[in-house]
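# Examination of the molecular architecture
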Amino acid sequence: MSGIDITTTSGGCCSTPEGSPCCATKPNPKDYLKVLRTPWTITLLVPVLVLLLDQPQALPLSVFAIKAFLSTLPYLIFAVLLIALLKAAGAERAIRRAFEGRETEAIVMAALFGGLAPFCSCQVIPFIAGLLAVGTPLSAVMAFWLSSPLIDPPTLLITAASLGWPFAIGKAAFAVGLGLFGGFAVKMMLAGGVLTSPLKQVGSGGCGCGPSGFRGKPVWRFWQEAPRRAVFSQELKINAHFLIKWLALAYVLEAVLVTYVPADLIAGVVGGNGLGSIVISALVGMPAYLNSYVAPPLLAGLIEQGMSTGAAMAFMIAGAVSSIPAMAAVWSLVRPAVFAMYLGLGIVGAVFSGLIFQAIV
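Note that the coordinates shown come from a computational prediction; the quantities given were computed from them, not determined experimentally. (Residues numbered from 1 in each chain as written. Predicted model: local features only at pLDDT ≥ 70, side-chain atom pairs only at ≥ 80, totals over all residues. Heavy atoms only, no water.)

## Re the overall build of the protein chain
A count of helical and extended segments in the protein chain gives 16 helices and two strands. Looking at the protein chain as a whole, 47% of its 361 residues qualify as buried. When contacts within the protein chain are restricted to residue pairs at least 6 apart in sequence, long-range pairs at least 24 apart make up 81% of them. Entry remark: accessible area of the protein chain is about 17400 Å², with carbon and sulfur atoms responsible for 69%. (Helix = DSSP H or I, 4+ residues; strand = E, 2+ residues; numbered from the N terminus. Buried < 20%, exposed > 50% of the residue type's maximum accessible area, 1.4 Å probe, protein only. Contact = heavy atoms within 4.5 Å. Areas by Shrake-Rupley, 256 points an atom, 1.4 Å probe, with all protein chains shown as cover.)

## Points about the pattern of salt bridges
One pass over the full model with this rule turns up one salt bridge. Arg-228 is the partner of Glu-225 in a salt bridge, and the nearest nitrogen-oxygen pair spans 2.9 Å. (Salt bridge = Lys/Arg side-chain N within 4 Å of Asp/Glu carboxyl O.)

## Some remarks on a nonpolar patch on the surface
Taken together, Phe-181, Leu-275, Val-279, Leu-283, Val-348, Phe-352, Leu-355, Ile-356, Ile-360 and Val-361 make up a surface patch of nonpolar side chains, about 890 Å² in accessible area. At the level of secondary structure, the elements contributing two or more residues to the nonpolar patch comprise helix H12 (274-285) and helix H16 (336-360). Relative to the assigned elements, Leu-283 resides in helix H12. (Patch = residues over 30% accessible without salt bridge, like charges linked within 9 Å, V, L, I, M, F, W, Y side chains within 5 Å.)

## Focus: the packing of aromatic side chains
According to the stated counting rule, one finds eight aromatic pairs in the structure shown. Ring geometry for Phe-113 versus Phe-144: centroids 5.8 Å apart, planes at 15 degrees, classification stacked. With Phe-113 in helix H5 (residues 103-114) and Phe-144 in helix H7 (residues 138-147), this residue pair connects regions lying 31 residues apart in the sequence. On the basis of relative accessibility, which here comes to 5%, the residue Phe-144 falls in the buried class. (Phe/Tyr/Trp six-rings, centres within 6.5 Å; stacked < 30°, edge-to-face > 60°.)

## Examining the packing of helix H10 (residues 226-260) against helix H15 (residues 324-333)
Running from amino to carboxyl end, H10 crosses H15 at an angle of 160 degrees, the nearest separation of the two axes being 7 Å. Judged by the inter-axis angle, H10 sits roughly antiparallel to H15. For the pair H10 and H15, the sense of crossing is right-handed. Contact residues: Phe-242, Trp-246, Leu-247, Ala-250, Leu-253, Glu-254 and Leu-257 in H10; Ile-324, Pro-325, Ala-328, Ala-329, Ser-332 and Leu-333 in H15. (Axes fitted to C-alpha atoms, helices over the stretch in contact; angles between N-to-C directions. Parallel < 35°, antiparallel > 145°, perpendicular 65-115°, else oblique. Left-handed = near helix turned anticlockwise from the far one by under 90°.)

## Focus: the side chain of Ser-281
Along the chain, Ser-281 turns up in helix H12. In this structure Ser-281 comes out as buried when scored by relative accessible area, which is 0%. Within polar-contact distance, the side chain of Ser-281 engages the backbone oxygen of Ala-311 at 3.4 Å. (Polar contact = N/O pair within 3.5 Å; in protein donor to acceptor, adjacent residues only side chain to side chain.)

## Notes on the nonpolar core
Ranked by size, the top nonpolar core spans 74 residues in total, and within it Met-142, Trp-145 and Tyr-342 carry the most contacts. Here the element with the most residues in this core is helix H14 (residues 309-321); it accounts for ten residues. Discounting residues that sit within four places of it in the chain, Tyr-342 has contacts with Met-142, Trp-145, Leu-146, Val-321, Ser-322, Ala-326 and Val-330. Formed by seven residues, the second largest nonpolar core is a distinct cluster that contains Val-50, Leu-61, Ala-65 and Ala-255. (Core = buried A, V, L, I, M, F, W, Y, C linked by side-chain atoms within 4.5 Å.)

## A short note on the packing of helix H8 (residues 153-163) against helix H9 (residues 165-191)
Helix-helix packing is described using two parameters, namely the angle between the two axes and the distance between the axes. H9 packs onto H8 with a crossing angle of 145 degrees between their chain directions and a minimal axis gap of 7 Å. Two packed elements cross with a definite hand, and for H8 against H9 that hand is right-handed. Mapping the contact onto sequence places Thr-155, Leu-156, Leu-157, Thr-159, Ala-160 and Leu-163 in H8 and Trp-165, Phe-167, Ala-168, Ile-169, Lys-171 and Ala-172 in H9.

## Structural notes on the environment of Glu-92
Checked against the element boundaries, Glu-92 lands in helix H4 (residues 92-99). The exposure class assigned to Glu-92 is buried, which follows from its relative accessible area of 1%. Taking the C-alpha atoms as reference points, Glu-92 and Val-134, separated by 42 residues in sequence, lie 4.8 Å from one another.

Below you can see the structure in the form of structure tokens.
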């Protein structure tokens, strides 16, 4: 080639002095496999399979998933912006110091606030990511995590209208109690050296993992310094992508459950009386998706048919704490030990809630 100096690179390719390549590198098959092993594959593949196998349900399923995701989007945006702001300001250490010596108070406040927050088991995940990212004690995060999806003012009123005020007040009390139980259980484990690192490492700082590297007092006007602007931009992109991909998957799975696993079928499995029915209700309720607004009238009908109030309470508590869609998103966020603790506390709390409620009422 006249007038152009060609340099062979170590990889067997060539480049011009300006650095532009003059021959293409061979694609690595592992790169394609890496892309296919992401949540996006399942998120996009499920609607396509429904379109091919059950065309009439394809549009309703997709619309349900999109609407559910959009309902969470404001919380997701707030959480992502908050993580990026706190990282860019270098506020993590200040937040950790604020909780030193105040862990008990933080657990109590988190459990109480969780009882008022209107989040379902999926909507609470962006806030959990943000709280863990900036150094909030895992014990306080767990208290909020367990209590938040269980009750809020609208759910309280709907539950009271369908199942009566004793059931509604009982559920609210168990929501706060479960938060306190989970928070103090985690506190004892942390004191014993267990669960010291709750978050998974996701990419480069993904989902708030790792400190920002800034020292000293927080600088809230981060946009005045180029390094802090760079951290803000990086954290915004990484955390937005991480939460969007996993919540999108969660809501597609939720749409599948709602479409193909009727709520009355799930609830019908857990009918009966006694300890066995309470335990089964908790075990079935945890993975099942049962909307908090749909569950009360459905359970009211089952109670009239002979289902015990304790089994109904256990099923409602376990079903609100988590579901298969929420589990998928949580698994991506925290380490296996924390994930197991989250599920274990939810099931144990649901069983004890059912037993206590049945003994009292």
